Structures are given as structure tokens and as C-alpha cells.
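# A closer look at the structure
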Amino acid sequence: MTEPLVSVIVPTRNNARTIERCLASVRAQDHPHVELIVVDNHSSDGTDDIARGIADVVITAGPERSAQRNRGIRAAEGVWILWLDSDMYLPTDAVSAAVRTAAVTDATGVALPERTIGDGFWTACRALERECYLDAPWLHNPRLLRRADMLADGFHESMSGPEDADLRFRIRDAGGTVELAPVVVDHDEGRLTLRDIWQKRYYYGLSLPALVERHDRAMADQGSGVLRAYAQSWRRLARRPVHALGMAGMRVMEAAGYLWGARAGRRRARV
């Protein structure tokens with residue numbers, strides 16, 4: 001039986017630090033049929049030049065990640081699509097494990113759990129946070145879906161950040177399922193600073209009103225799911241009390257960033 005073609009879509013912008021390793025990890029997959037599509041949002045640091053030396057297709061498009069992914073989906077030829085951020089590195093069996101999981105479980109989508117790698121205290125706090133989610137399948141957003149499903153209703157282009165959660169909620173509301181592949185993806189977050197963290201969460205918060213408009217219990221469901229994961233991982237947190245305290249402070253700051261961004265997003269929507 002011929003293995004299906006999987007189109008891996010990588011949206012990117014100014015990620016020269018990680019793009020080569022990211023794309024090389026896609027090229028190293030043991031799945032025999034992989035198409036690699038990069039959608040670059042007008043990079044100025046040579047990211048697009050690196051991509052052209054590795055990818056099958058490089059497209060220049062924006063303005064945001066959701067639109068880039070949708071553009072890649074339209075260009076793809078695979079039966080399956082898998083999207084990957086350009087600071088993520090796949091283990092060699094990631095694609096084959098995801099396709100196999102979809103076949104065995106008949107899931108609508110397949111998630112690939114992540115772990116954070118990088119340097120510094122705040123990156124270590126983020127790494128501890130992500131460890132808490134490895135045993136919390138209810139929080140994972142899908143990365144592998146059938147292309148036909150995504151052509152019919154792709155990513156919501158008014159969102160930048162919450163579009164993954166929006167997709168998970170849409171699948172749930174339609175009675176579908178998301179299963180976890182038995183792999184872990186490395187997410188290279190470099191050396192995080194509190195300023196980096198605040199700015200990203202504020203930016204993502206701008207799209208939260210659009211998410212809540214589509215799923216009125218989105219924030220409550222997400223919040224309760226995260227707290228459930230932390231409670232389940234109390235032993236892991238207890239073993240690393242300094243990083244656990246840092247994680248708690250970081251999460252409080254992130255919540256404030258989300259809320260501040262959401263407030264600004266609502267103001268923009270009224271203009």
C-alpha cells in the first residue's frame with residue numbers, strides 16, 4: 001500500500017536563526033512522501049533564501065500566520081497537511097507517527113506534543129510549563145489534518161495566535177476528535193525574556209475577542225483545562241520549586257498581557 005503524500009507547511013518571517021534546522025528536520029522524515037512548503041512573510045534577514053535551498057515550494061505571502069497557512073494549504077498537493085512553526089524541529093518519525101495515529105484512531109486531527117528548548121531562566125520556566133501539558137491531551141491543538149477538510153474551512157484569518165485553539169474548538173463542536181501522536185517536537189524558544197513574553201501575549205490577546213465571539217466558553221474551558229494540567233503535574237512542579245514559582249509568576253503576567261491585548265482588540269473592533 002502506497003503511503004499518502006503529506007504536505008508540511010511552514011509559515012515564517014525573519015527566522016534565519018532556526019529555519020534551516022527546522023526544514024532539515026522535515027527533510028529527514030522517515031515517511032516516504034513529504035512535500036515541504038514554506039510561506040514567507042517578506043523576511044528581511046535571509047530566511048527566504050535559506051528556505052529556497054531546502055523546500056519544494058517557497059511562497060511569499062502575509063499578512064499573518066493564519067493567512068500564510070491557508071495560502072500553503074491551497075498550494076499543497078498532499079492528502080494530509082501538517083503545519084509547523086519555523087522554530088520547531090521534528091523527530092524523524094513525527095510525520096509517519098502522526099499519519100499512523102490518524103489511521104488507527106480515525107481522528108479528525110492529530111496533535112504533536114511539544115517541549116521547549118533554549119537557554120536562560122525564563123526559558124526553563126516555559127519548559128517546565130510545557131512538561132505539564134504532555135499528559136494533558138485535552139489542551140493540545142491539532143497539527144495534522146486532511147487537506148480536504150481544511151480547504152473547506154481553513155484558519156480564521158482575523159486571529160493571530162488563538163487560531164489553533166479556534167480550530168480545536170471547531171473540531172470539538174462538530175463532534176470530531178483530536179488524538180496525540182507518540183512523539184515530542186522540540187520548540188526552540190531561544191533565550192526568553194519577560195519583555196518577549198509580554199509582547200507576544202499582548203499581541204495574541206488582540207485576537208481573543210474574535211475567539212470568544214465564535215466560542216463563548218473558550219476562555220473558561222482553556223483556563224480550567226490548564227489548571228487541571230497543573231494539578232495533575234504537582235509532583236513535577238514540586239521537584240523544581242524555583243522554576244515552578246517562576247512559571248507561576250510568568251503565567252500571571254501572561255494572563256495580564258492577554259487581557260490587556262483583548263481590551264485593545266475590543267477597542268479596535270469598535271472603531
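Criteria and cut-off values
- Position labels on residues start from 1 in each chain and follow its written sequence.
- Under the rules for a predicted model, residues below a pLDDT of 70 receive no local features and side-chain atom pairs below 80 are neither given nor counted, while totals for whole chains, interfaces and linings still include all residues.
- The side-chain quantities take in all heavy atoms of the structure and omit both hydrogens and water.
- Elements are defined by DSSP. Helices are runs of H or I of four residues or more, strands are runs of E of two residues or more, and each kind is numbered from the N terminus.
- We call a residue buried when its accessible area falls under 20% of the maximum for its residue type, exposed when it is over 50%, and partly exposed in between, using a 1.4 Å probe and counting protein chains only.
- Two residues form a contact once any of their heavy atoms are found within 4.5 Å.
- Here, a strand pair is defined by DSSP locating no fewer than two bridges between the strands.
- Note on handedness: a crossover is taken as right-handed if, strands pointing away from the viewer, the path from the first strand over the helix to the second is clockwise.
- Two rings belonging to Phe, Tyr or Trp (six-membered ring only in the last case) form a pair when the distance between their centres is within 6.5 Å. Interplanar angles under 30 degrees mark stacking, angles over 60 mark edge-to-face geometry, and anything in between is tilted.
- Axis angles are defined between N-to-C directions and span 0 to 180 degrees, where every axis is a line fitted to C-alpha atoms and, for a helix, only to the segment in contact.
- UniProt positions are given in the numbering used here, feature names are shortened, and annotations may be inferred rather than shown by experiment.
- What makes a salt bridge here is a side-chain nitrogen of Lys or Arg within 4 Å of a carboxyl oxygen of Asp or Glu, nothing more.

Let's shift gears to the environment of Arg115. Looking at the element boundaries, Arg115 is found in strand 7 (residues 114–119). You can call Arg115 partly exposed: its relative accessible area is 43%. Distance in space between the C-alpha atoms of Arg115 and Glu131 is 6.6 Å, their sequence separation being 16 residues. Here Arg115 is in contact with Arg130, Val184, Val185, Asp186 and His187, once residues within four sequence places are set aside.

Before going further, it helps to spend a moment on the pairing of strand 1 (residues 6–12). Within strand 1, seven of the seven residues are buried, which leaves it mostly tucked inside the rest of the structure. Because side chains alternate across strand 1, one face comprises the buried residues Val6, Val8, Val10 and Thr12, and the other comprises Ser7, Ile9 and Pro11, equally buried. Pairing geometry for strand 1 and strand 2 (residues 34–40), over seven bridges, is parallel. Note that in strand 2 the partner of Val6 across the bridge is Val34. Viewed along the sheet, the connection from strand 1 through helix 1 (residues 19–27) into strand 2 turns out right-handed. The sheet contact formed by strand 1 and strand 4 (residues 80–83) spans four bridges and is parallel. Paired with Val6 across the bridge in strand 4 is Trp80.

On to the packing of aromatic side chains. Counted according to the given criterion, the structure contains four aromatic pairs. Judged by centre distance (4.9 Å) and plane angle (85°), the ring pair of Trp83 and Phe155 falls under edge-to-face. Linking Trp83 in strand 4 with Phe155 in the loop between helix 6 (147–152) and helix 7 (163–173), this pair joins segments that are 72 residues apart in sequence. For the pair Trp83 and Phe155, one class covers both residues: buried.

Strands sit in the order 3-2-1-4-8-6-9 across an open sheet of seven strands; the sheet is mixed. On the outer flanks of this sheet lie strand 3 (57–60) and strand 9 (178–180), each paired with one strand and no other. Pairwise comparison of adjacent strand axes, ignoring direction, gives a mean angle of 25° for this sheet. Pairing between strand 6 (residues 109–111) and strand 8 (residues 144–146): two bridges, direction antiparallel. For Gly109, the partnering residue across the bridge sits in strand 8 and is Leu145. This element, helix 3 (residues 65–75), spans strand 1, strand 2, strand 3 and strand 4 of the sheet and lies at about 150° to strand 1. Sheet contacts for helix 4 (residues 94–105): strand 1, strand 2, strand 4, strand 6, strand 8 and strand 9; angle to strand 4, the most-contacted strand, approximately 130°.

The subject of this paragraph is the UniProt feature "domain: Glycosyltransferase 2-like" (unreviewed entry) in the protein chain. As recorded in UniProt, the feature "domain: Glycosyltransferase 2-like" (unreviewed entry) lies at residues 7–120. Note that residues 7–120 is 33% helix and 28% strand, and that its end C-alpha atoms are spaced 34 Å apart.

Quick look at unusual backbone geometry now. Cis geometry marks the peptide bond from Gly62 to Pro63, where omega comes out at 5°. Structurally, the position occupied by Pro63 is in the loop between strand 3 and helix 3. Here Asn14, not a glycine, exhibits a phi torsion of approximately 50°, which is positive. If you trace the backbone, Asn14 turns up in the loop between strand 1 and helix 1. Given the relative accessible area of 27%, Asn14 is considered partly exposed. Even without being glycine, His42 reaches a positive phi, approximately 55°. Among the structural elements, His42 can be located in the loop between strand 2 and helix 2 (47–52). The class for His42 is exposed, based on a relative accessible area of 52%.

Let us look at the pairing of strand 3. Judged from the four bridges that link them, strand 2 and strand 3 form a sheet pairing that is parallel. What sits directly across from Ile37, in strand 3, is Val57. After leaving strand 2, the chain enters helix 2 and then returns to the sheet as strand 3, a path that is right-handed.

The next thing to look at is the pattern of salt bridges. Per the counting criterion, the structure on display carries 28 salt bridges. The residue Arg52 makes a salt bridge to Asp49 at a minimum N-O spacing of 3.5 Å. With a gap of three residues between them, Arg52 and Asp49 both fall in helix 2, about one helical turn apart. A salt bridge links Arg251 to Glu254, with the shortest nitrogen-to-oxygen separation between them at 2.6 Å. Of this pair, Arg251 and Glu254 both sit in helix 12 (residues 241–270), three residues apart, which is roughly one turn of that helix. Several salt bridges share partner residues, and in doing so they unite Arg65, Arg69, Asp85, Glu163 and Asp164 into one network.

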